[in-house]
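# Residue-level structure breakdown
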Amino acid sequence: MKIVLKPQNLLPAFVKKLGFDQKLAVAVFIILLGLRLMIINSPSPEVKVVDGETRVEGGLVFDEAHYVPAVRKLLRGESVNHEHPPLSKLLIAASMLVFGDNPVGWRLMPSLLSSAAVALIPLIAYRLTRSRFATFFTTLLIAADVMFFNIGTIAMLDGPAFFFLFLATYMFLQTRYTSTAIFFGLALLSKTSIVFNVAGLLLFSFLAIYSRHRKIMESLQDWSPLFEKTVLIGLAVFMAGLTVYDIGFRAYSNPFAHLDYMLNYHAQLKYNCTEYELPLRCTVVNQDGSTSIVDLPLSWISPISPFAAAPYMVVTVTAGDRVWHPVAYYGVYSPYWWTTALVLVYSLYMAVKSRGADTVNLFVFSWIAMSYLPYFPLAHLLQRWVYTFYFLPTLPAVALGLSMMLREDRFSRYVLYGIAALQLIWFFIYFPVKSDTHIHILELLNLPR
């Protein structure tokens, strides 16, 4: 008897039962986690023995220099870094308890959760659009986003925060509001700026209700139970988490005192420009006489004068005239960021044109408006320090809006194919840890290395 093996026969039974979006989610999770595990030990620290004590020094990327020492103190029972909520740091601490004070311990939990966060993107996109085309390209743009990948790989607050935010969003779209609120609370316990995205979802739900009633008061009456359930339960989870942390680590007498410190701390993070290049950036003279550049929000999406790539951790190797960077974590935009303004205007136009019936563009507009636009008054009016990676939570809506906008006709699809191809090339060029083969390919193509 002849046995014919077909690819679908080799798949586990449970995979065959998954829908398109679920299969894409599994594939994205495996690929991204695999890539992150492949480079998780780079850069590696030095292990020194001083006076009989083992010390782990160096090997930290970007803000790992703040968070890894903070987690080390947490593991000794010392409460620090009170300006940020504790959950992401506690998750990293749990990983370090299991795997040790080393790159795997620092980065495994953020890598795991940020990979899972991107795996939620196809579930959200397909739930909104029911379009395989838009779902695939939305997922591709986010999965191949260099800064999203880099920030999600290292020991920072963002990976866990993105996971809980996107999980809450998926639950929200399923109208499972109690679960939504719980995950909102956990997202806020990971990183407080997630509140902007929560506001975006609440705006989306209100506008969707208003499009049916066309009357403010009736819309508010229908919307208020949703608001109360998600916001009140979410805040309760957030405050309960702070309370448990404050009691366990003897940090504050009550969560309100902790919250007050957080708000006051961030209110003082102001810059004082000495040289302006408005509306894109300004120069700040630091106390030690050095200068820093504040990349203002418009520079995050400007194709004309984009912000310069920030070297989070760059290792340079030279051999004669040959120079290359085997480890190069950059905070760098992706080309599709430059479409943000167009996507925002188009989504608003389509939402208004449909009188709110176009829920996809209503979602895109609400998410971008509330997660990105608030940084303009924060940066320009309040002169609060802003950083380019603050734009990351906005990206799913940009990718979704762009994919929907460019799916209508053949020419538009070709444009999207080109953007997707450029995105993959960009990801290949700026991938943070490069093998010798990777470096040689870049050299042959005369690309940055």
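In case you missed it, the structure is sitting above this.
### A look at the overall build of the chain
- Regarding its fold elements, the chain presents 20 helices and seven strands.
- Here the C-alpha atoms of the chain give a radius of gyration of 23 Å, agreeing with the 22 Å that 2.2 N^0.38 yields for 449 residues.
- Referenced to the eigenvectors of the C-alpha coordinate spread, the extents of the chain come out at roughly 70 × 70 × 60 Å.
- Taking as baseline every contact in the chain between residues at least 6 positions apart, the subset at least 24 positions apart corresponds to 67%.
- When the accessible area of the chain is evaluated, it comes to approximately 21,000 Å², of which 63% is carbon and sulfur surface.
- The centroid of the 34 positive side-chain charges in the chain is displaced by 13 Å from the centroid of its 27 negative side-chain charges.

### Points about the sheet that holds strand 3 (residues 273-277)
- Reading across the sheet, the three strands line up as 3-4-5 and stay open at both edges, with antiparallel pairing between neighbours. Each edge of the open sheet carries a strand with a single partner, namely strand 3 and strand 5 (291-295). On average, each strand axis in the sheet is inclined to that of its neighbour by 25 degrees, with strand direction left out of account.
- Two elements, strand 4 (residues 281-285) and strand 5, share five bridges in a ladder whose sense is antiparallel. Counted as the bridge partner of Cys-282 is Val-294 from strand 5.

### Points about the side chain of His-82
- Positionally, His-82 belongs in the loop between helix 3 (64-75) and helix 4 (87-99).
- On the basis of relative accessibility, which here comes to 17%, the residue His-82 falls in the buried class.

### A word on a nonpolar patch on the surface
- Where nonpolar side chains cluster on the molecular surface, the patch consists of Leu-75, Leu-97, Val-98 and Phe-99 and spans about 420 Å² of accessible area.
- When residues of the nonpolar patch are assigned to their parent elements, the largest contribution, three residues, is made by helix 4.
- Note that Val-98 resides in helix 4.
- The class of Val-98 is exposed, set by a relative accessible area of 62%.

### Focus: the pairing of strand 3
- Judged from the four bridges that link them, strand 3 and strand 4 form a sheet pairing that is antiparallel. The residue bridging Glu-277 from the neighbouring strand is Arg-281, located in strand 4.
- Taken together, strand 3 and the strand that follows it, strand 4, pair antiparallel across an intervening segment of three residues.

### A closer look at the packing of helix 7 (residues 132-143) against helix 18 (residues 395-405)
- Contact geometry for helix 7 and helix 18: axes closest at 8 Å, N-to-C directions at 140 degrees. For the element pair helix 7 / helix 18, the angle class is oblique. In this structure, helix 7 meets helix 18 at a crossing whose hand is right-handed. Residues Phe-133, Ala-134, Phe-137, Thr-138, Leu-141 and Ile-142 of helix 7 lie in contact with helix 18, whose contacting residues are Leu-395, Pro-396, Ala-399, Leu-400, Leu-402, Ser-403 and Met-404.
- In terms of residue class, the contact of helix 7 with helix 18 is made up of 11 nonpolar, two polar and no charged.

### Concerning the pattern of salt bridges
- Enumeration over the complete set of coordinates arrives at eight salt bridges.
- A salt bridge links Asp-158 to Lys-191, with the shortest nitrogen-to-oxygen separation between them at 2.7 Å. Separated by 33 residues along the polypeptide, Asp-158 in helix 9 (residues 158-173) and Lys-191 in the loop between helix 10 (177-190) and helix 11 (195-213) bring together distant segments of the chain.
- A residue is classified by how much of its surface remains accessible, and Asp-158, at 2% relative accessible area, is buried.
- Judged by its relative accessible area of 14%, Lys-191 falls in the buried class.

### With respect to the packing of aromatic side chains
- Within this structure, the stated rule accounts for 42 aromatic pairs.
- With a centroid separation of 5.9 Å and an interplanar angle of 65 degrees, the aromatic rings of Tyr-414 and Tyr-417 are classed as edge-to-face. On the criterion of helical spacing, the pair formed by Tyr-414 and Tyr-417 is a turn pair, its members being three residues apart in helix 19 (residues 410-430).
- When the ring centre of Trp-324 is taken as origin, the NZ or CZ atom of Arg-322, which lies over that ring, is 4.0 Å away.
- Of note, Arg-413 hangs over the ring of Phe-133, and the distance from its end group to the ring centre comes to 4.0 Å.

### Considerations on the pairing of strand 7 (residues 322-331)
- Of all the 10 residues making up strand 7, eight are buried; the element is thus mostly covered by neighbouring parts of the structure.
- One ladder, built from eight bridges, connects strand 6 (residues 310-319) with strand 7; its direction is antiparallel. Bridge pairing in strand 7 links Val-317 to Trp-324.
- Following strand 6, the chain reverses through two residues before pairing antiparallel with strand 7; Gly-320 in that reversal takes a positive phi of roughly 70 degrees.

### What about the nonpolar core?
- Counting 125 residues, the largest nonpolar core has Phe-166 and Tyr-336 as its most contacted members.
- Ranked by the residues each element gives to this core, the list is headed by helix 9, at 12 residues.
- Not counting the four nearest positions on each side in its chain, Tyr-336 is found in contact with Leu-141, Ile-142, Asp-145, Leu-395, Val-398, Ala-399, Leu-402, Ile-419 and Gln-423.
- The next biggest cluster of nonpolar side chains, apart from the first, holds nine residues, and it includes Val-56, Leu-60, Met-96 and Ala-155.

### Focus on the environment of Lys-270
- Relative to the elements of secondary structure, Lys-270 occurs in the loop between helix 13 (255-267) and strand 3.
- Spatially, the C-alpha atoms of Lys-270 and Val-386 are 9.2 Å apart, while their sequence positions differ by 116 residues.
- When residues no more than four places from it in sequence are discounted, the contact partners of Lys-270 are Leu-382, Gln-383, Arg-384 and Trp-385.

### Topic: the state of the cysteines
- This structure, assessed with the given rule, holds one disulfide.
- One disulfide bridge connects Cys-273 with Cys-282, the sulfur atoms lying 1.9 Å from each other. Between Cys-273 and Cys-282 the sulfur-sulfur dihedral comes to about -75 degrees; the bridge is accordingly left-handed.
- Note on Cys-273: relative accessible area 9%, which makes it buried.

Reading the values: the criteria
Residues numbered from 1 in each chain as written. Predicted model: local features only at pLDDT ≥ 70, side-chain atom pairs only at ≥ 80, totals over all residues. Heavy atoms only, no water. Helix = DSSP H or I, 4+ residues; strand = E, 2+ residues; numbered from the N terminus. Rg over C-alpha atoms; globule rule 2.2 N^0.38 Å. Contact = heavy atoms within 4.5 Å. Areas by Shrake-Rupley, 256 points an atom, 1.4 Å probe, with all protein chains shown as cover. Lys, Arg positive; Asp, Glu negative; His and termini not counted. Charge placed at Lys NZ, Arg CZ, Asp CG, Glu CD. Pairing = 2+ DSSP bridges. Axes fitted to C-alpha atoms, helices over the stretch in contact; angles between N-to-C directions. Buried < 20%, exposed > 50% of the residue type's maximum accessible area, 1.4 Å probe, protein only. Patch = residues over 30% accessible without salt bridge, like charges linked within 9 Å, V, L, I, M, F, W, Y side chains within 5 Å. Salt bridge = Lys/Arg side-chain N within 4 Å of Asp/Glu carboxyl O. Parallel < 35°, antiparallel > 145°, perpendicular 65-115°, else oblique. Left-handed = near helix turned anticlockwise from the far one by under 90°. Nonpolar A, V, L, I, M, F, W, Y, C, P; charged D, E, K, R; others polar. Phe/Tyr/Trp six-rings, centres within 6.5 Å; stacked < 30°, edge-to-face > 60°. Lys NZ or Arg CZ within 6 Å of the ring centre and 35° of its normal. Core = buried A, V, L, I, M, F, W, Y, C linked by side-chain atoms within 4.5 Å. Disulfide = S-S within 2.5 Å.

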